[in-house]
There are 2 protein chains.
Amino acid sequence: MTDRFTFDRLVGFTASILEAQGVEPAHAETCARRMVEADRRGRTGHGLIRLAAYSTRIRAGGYNLAPDIRTLHETPVSALVDGDNGLGQVVMTRAAELAIDKAATSGIGWVGTTNSNHAGAAGIYPAMALDHGLGAFYFAVANGNGMPPWGGIERLLGTNPIAFAMPAGHEVPFELDIATTVASHGTIKVTAQAGEPMPEGWVVDADGNPITDPNRADEGFLMPIGGYKGAGLNIMIGLLAGVMTGSAFGRDVVTFRTDHTTPTNTGQAMIAFRPDLFSPLEDYRNRVDAKLTELRTSRTLSGDPVRLPGERSRSLALASDQQGIEVPPALRATLADLAAELGVAPLA
Amino acid sequence: MTDRFTFDRLVGFTASILEAQGVEPAHAETCARRMVEADRRGRTGHGLIRLAAYSTRIRAGGYNLAPDIRTLHETPVSALVDGDNGLGQVVMTRAAELAIDKAATSGIGWVGTTNSNHAGAAGIYPAMALDHGLGAFYFAVANGNGMPPWGGIERLLGTNPIAFAMPAGHEVPFELDIATTVASHGTIKVTAQAGEPMPEGWVVDADGNPITDPNRADEGFLMPIGGYKGAGLNIMIGLLAGVMTGSAFGRDVVTFRTDHTTPTNTGQAMIAFRPDLFSPLEDYRNRVDAKLTELRTSRTLSGDPVRLPGERSRSLALASDQQGIEVPPALRATLADLAAELGVAPLA
């Protein structure tokens, strides 16, 4: 028995699990690809580890398994995708493909989603734009609130991520994928599992005192990056992904972790763009390569090169392609149980 | 003698100073309006306090006083503005107006600048979009480098700001204007002038130890907000404002504070957009008002309302309109000297 599996094997398994619960084959395949892509790139918190929770929600009736995903308010540069409470990865994939098409044709494509759901790793959607030679921004309202607005004590904001990608020539593309809180729920969970304390600055209580026991994190508030600055970015993302799209933000946000039935009305937004909006593509490529090389090879104390955003996920993806994607024992056991319950052939 | 002056009086004075040094009247007026608008909104670090430095640069021959500001690579949704080394506020105003026109017509308008210069407070350009009922992003490469890439020790990055605005209905519009470093040069200067130490986390030395003496800040490195996250946002901004536009970034950046003659080839970018891309305007307005109200009136420890990004600058602007804009004694003395040198009537 091996711990590592090919991308296609994991996609096939994941799609089978979804199909066995009533998800139509094309949607199951799309959702599986996005989930396994997260694992492939090392964003394990948004990969197969989520399959059990998605399955719980599917069986609780929290998803529409035959959604009528529709495009509304379309212009040559924009559209709103109504996900009809379908799987978030499926809805957001449709939105990303539409943004990419519009950007390829019109230079820019801005597509929002409404009635979507948790769509996994933020960075995988801008990465789809990279595959078409495009750059992209991605914004999402997180599926649970753990942070008050700056100066407040009421949890109305989530980890609202921003992701961004810019293509390069021969250099590794620039890819950013960050929560606007210092720590995410996933990071805190990993810390708790390791039996380690959280550093100060991740979570505070209502009086502003640090909480360092990760098992007590839910008693406190997540902290934004850079104080009021990150708190502002967090609301900016909420306005773009939630409010502009008519999706949930603030008090409307449904806690995905504990509420398995209420439609989440999740909102996301992607802005894809041609990197050659302002100059011939070859000129752009030469400039971006020169600058990424300059940053990467700039001086460090150790003499090792600087690691730019995107390099780690790229090298993990290459390793996954060569050695397979690792499925840790605990996750493997969970997936085996799920497969047994559903009469699906286990991973092997 | 009063310390406070009307907006128009300060614009007139500033324009006279610029004109007396050879700036053409229309450009002098535009630059003056943008500078005084910064003071009006309380962004005093980017207002009249900069007039002496701009004047030094003008007289050193660092600006082109008769620039041929041209639009290149234009599409219905995008354009590059070549500022021909003109005053940054003039170039960026042209770019903002073009982005606003394109957004009003096409839904989105993305305009970059090249051969521009320091353009003052980031937030004043998205604010121009608000005046037309539009939202906007603004990105700029700062005019000096004080920060290495994350993991490095070579100063290749500046305070690269992001600004963002979204219109509302009856609520105060959301306006964000932040450097992606914890502290800016301006904030450090104010701290030094007050004789106070800097908090830990603003500046570190090459070994990562905090520097708290603001007079020693130049020996250290500025810190990004949120560690590697803010460092990534900082590079994202540089790619958008500098690399895509063919402007300076990294080693090419000219230190505006000390080099008064080398063309800076500054780059900025603004993306203006219709907030009703995805729904009727009235629906958008109702949603954004409801959410901003919800955040603002959410619970606080003190019982005072939450202050959202944009509220402070809005209330300072209203106070400026009612009571005049304050010119502190030290700045007033500098401006009086400048006026005397140039034979311009002093502020009175």
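Residues numbered from 1 in each chain as written. Chains lettered and ligands numbered in written order. Predicted model: local features only at pLDDT ≥ 70, side-chain atom pairs only at ≥ 80, totals over all residues.

1. Quick look at the overall build of chain A
Helices and strands together make up the secondary structure of chain A, namely ten helices and eleven strands. Here the C-alpha radius of gyration of chain A, 20 Å, is about what a compact globule of 348 residues would show, namely 20 Å. In terms of overall dimensions, chain A has a C-alpha envelope of 55 × 50 × 50 Å along the principal axes. Every one of the 348 residues in chain A was classed for burial, and the buried ones make up 57%. A separation threshold of at least 6 residues defines the contact pool for chain A, and within that pool the share at least 24 residues apart is 63%. (Helix = DSSP H or I, 4+ residues; strand = E, 2+ residues; numbered from the N terminus. Rg over C-alpha atoms; globule rule 2.2 N^0.38 Å. Buried ≥ 20, exposed ≤ 12 C-beta atoms within 10 Å, placed from the backbone. Contact = placed C-beta atoms within 7 Å.)

2. Examining the relation of the copies chain A and chain B
With an axial shift of 0.0 Å and an RMSD of 0.0 Å, the rotation relating chain A to chain B amounts to 180°. Taken together, the rotation and translation relating the two chain copies correspond to the operation of a two-fold axis. Residues of chain A ranked by C-alpha distance from the rotation axis are headed by G226(A), positioned 2.7 Å from it. Both copies contact each other with a shared surface, as 100% of the interface residues of chain A are interface residues in chain B too. (Least-squares fit on C-alpha atoms with pLDDT ≥ 70 in both.)

3. Regarding the packing of helix 1 (residues 7–20) of chain A against helix 2 (residues 25–40) of chain A
A packed helix pair is summarised by two numbers, namely the angle formed by the two axes and the spacing between the axes. Residue and element names in this part refer to chain A. Between helix 1 and helix 2, the least distance of the axes is 8 Å, while the angle of their chain directions is 135°. When the interaxial angle is binned, helix 1 and helix 2 end up oblique. Between helix 1 and helix 2 lies a crossing of right-handed hand. Counted together, F7, L10, V11, T14, A15, L18 and E19 of helix 1 and P25, A28, E29, C31, A32, R33, M35, V36 and R40 of helix 2 form the full contact between these two elements. (Axes fitted to C-alpha atoms, helices over the stretch in contact; angles between N-to-C directions. Parallel < 35°, antiparallel > 145°, perpendicular 65-115°, else oblique. Left-handed = near helix turned anticlockwise from the far one by under 90°.)

4. Observations concerning the sheet that holds strand 7 (residues 174–179) of chain A
All names here are of chain A. Pairing within the open sheet is mixed, and its seven strands lie in the order 2-3-4-10-5-6-7. One side of each edge strand has no neighbouring strand; the edge strands of this open sheet are strand 2 (70–75) and strand 7. Each strand of the sheet is rotated relative to its neighbour by a mean of 10°, with strand direction disregarded. In this structure, strand 6 (residues 161–166) lies alongside strand 7, joined through six bridges in antiparallel fashion. Residue M166 lies in a different strand from strand 7, and its bridge partner there is F174. Here helix 4 (residues 88–106) sits on the sheet in contact with strand 2, strand 3 (78–82), strand 4 (108–114), strand 5 (135–140) and strand 10 (268–273), set at roughly 160° to strand 4. (Pairing = 2+ DSSP bridges.)

5. Thoughts on the domain arrangement of chain A
All names here are of chain A. In terms of domain boundaries, chain A breaks down into domain 1 (1–60 + 310–348) and domain 2 (69–181 + 224–309). Each of domain 1 and domain 2 has a C-alpha centre, and these two points are 23 Å apart. Of all elements in the fold, only helix 2, helix 3 (51–60) and helix 9 (311–323) reach the threshold of two or more residues within the side of domain 1 that touches domain 2. Considering only residue class, the side of domain 1 that touches domain 2 consists of five nonpolar, six polar and eight charged. (Domains from an automatic or database assignment. Nonpolar A, V, L, I, M, F, W, Y, C, P; charged D, E, K, R; others polar.)

6. Considering helix 2 (residues 25–40) of chain B
Residue and element names in this part refer to chain B. In a regular helix each residue adds 1.5 Å, so 16 residues correspond to 22 Å; helix 2 covers 22 Å between its end C-alpha atoms and thus fits that length. Burial runs high along helix 2: twelve of the 16 residues are buried. Packed against the buried residues of helix 2 are helix 1 (7–20), helix 3 (51–59), helix 4 (88–106), helix 5 (124–130), helix 9 (311–323) and strand 11 (325–326). Looking at the residues trailing helix 2, positive phi occurs at G42, about 85°. (Expected span 1.5 Å × (residues − 1).)

7. Re the environment of G267(B)
Residues and elements named next belong to chain B. Assignment of secondary structure puts G267 in the loop between helix 7 (228–243) and strand 10 (268–273). Separated by 151 residues in sequence, G267 and S116 have C-alpha atoms that sit 6.0 Å apart. When neighbours within four sequence positions are excluded, G267 is seen to be in contact with G112, T113, T114, S116, V141, A241, G242, T245, S247 and A248.

8. Some words on the packing of helix 8 (residues 281–296) of chain A against helix 7 of chain B
Where helix 8 of chain A contacts helix 7 of chain B, the two axes come as close as 11 Å, and the packing angle between them is 145°. Between helix 8 of chain A and helix 7 of chain B the crossing geometry is right-handed. Where helix 8 of chain A approaches helix 7 of chain B, its residues R287(A), V288(A), K291(A) and L295(A) are matched on the opposing element by I235(B), L239(B) and V243(B). When the residues that make up the contact of helix 8 of chain A with helix 7 of chain B are grouped by side-chain class, the tally is five nonpolar, no polar and two charged.

9. As for the interface of chain A and chain B
At the junction of the two partners, chain A supplies 57 residues and chain B supplies 57 residues. Elements that contribute at least two residues to the side of chain A that touches chain B include exactly strand 2, strand 3, strand 4, strand 6, strand 7, helix 7 (228–243) and helix 8 of chain A. With seven residues, helix 7 of chain A is the largest single contributor of residues to the side of chain A that touches chain B. Across the side of chain A that touches chain B, the residue classes tally to 32 nonpolar, 17 polar and eight charged.

10. Let's talk about unusual backbone geometry
Glycine aside, a negative phi is what most residues show, and trans is what most peptide bonds show. The backbone of H73(A) sits at a positive phi, close to 50°, despite the residue not being glycine. Locating H73(A) in the fold gives a position in strand 2. Overall, the presence of 17 C-beta atoms within 10 Å leaves H73(A) in the partly exposed class. One non-glycine residue, N85(B), lies in the positive phi region at around 60°. Looking at where N85(B) falls in the secondary structure, it is placed in the loop between strand 3 (78–82) and helix 4.

11. Here's the deal with the sheet that holds strand 4 (residues 108–114) of chain B
Whether parallel or antiparallel, the strands of a sheet pair through hydrogen bonds between backbone atoms. Residue and element names in this part refer to chain B. Taken together, the seven strands give an open sheet; going across it, the order is 2-3-4-10-5-6-7, and neighbouring strands pair in mixed fashion. Across the chains shown, the open sheet's two edge strands, defined by having one partner strand only, are strand 2 (70–75) and strand 7 (174–179). Here the strands of the sheet are splayed against their neighbours by 10° on average, with no regard to which way each runs. One ladder, built from four bridges, connects strand 2 with strand 3; its direction is antiparallel. Opposite T75, over in strand 3, you have S78 as the bridge partner.

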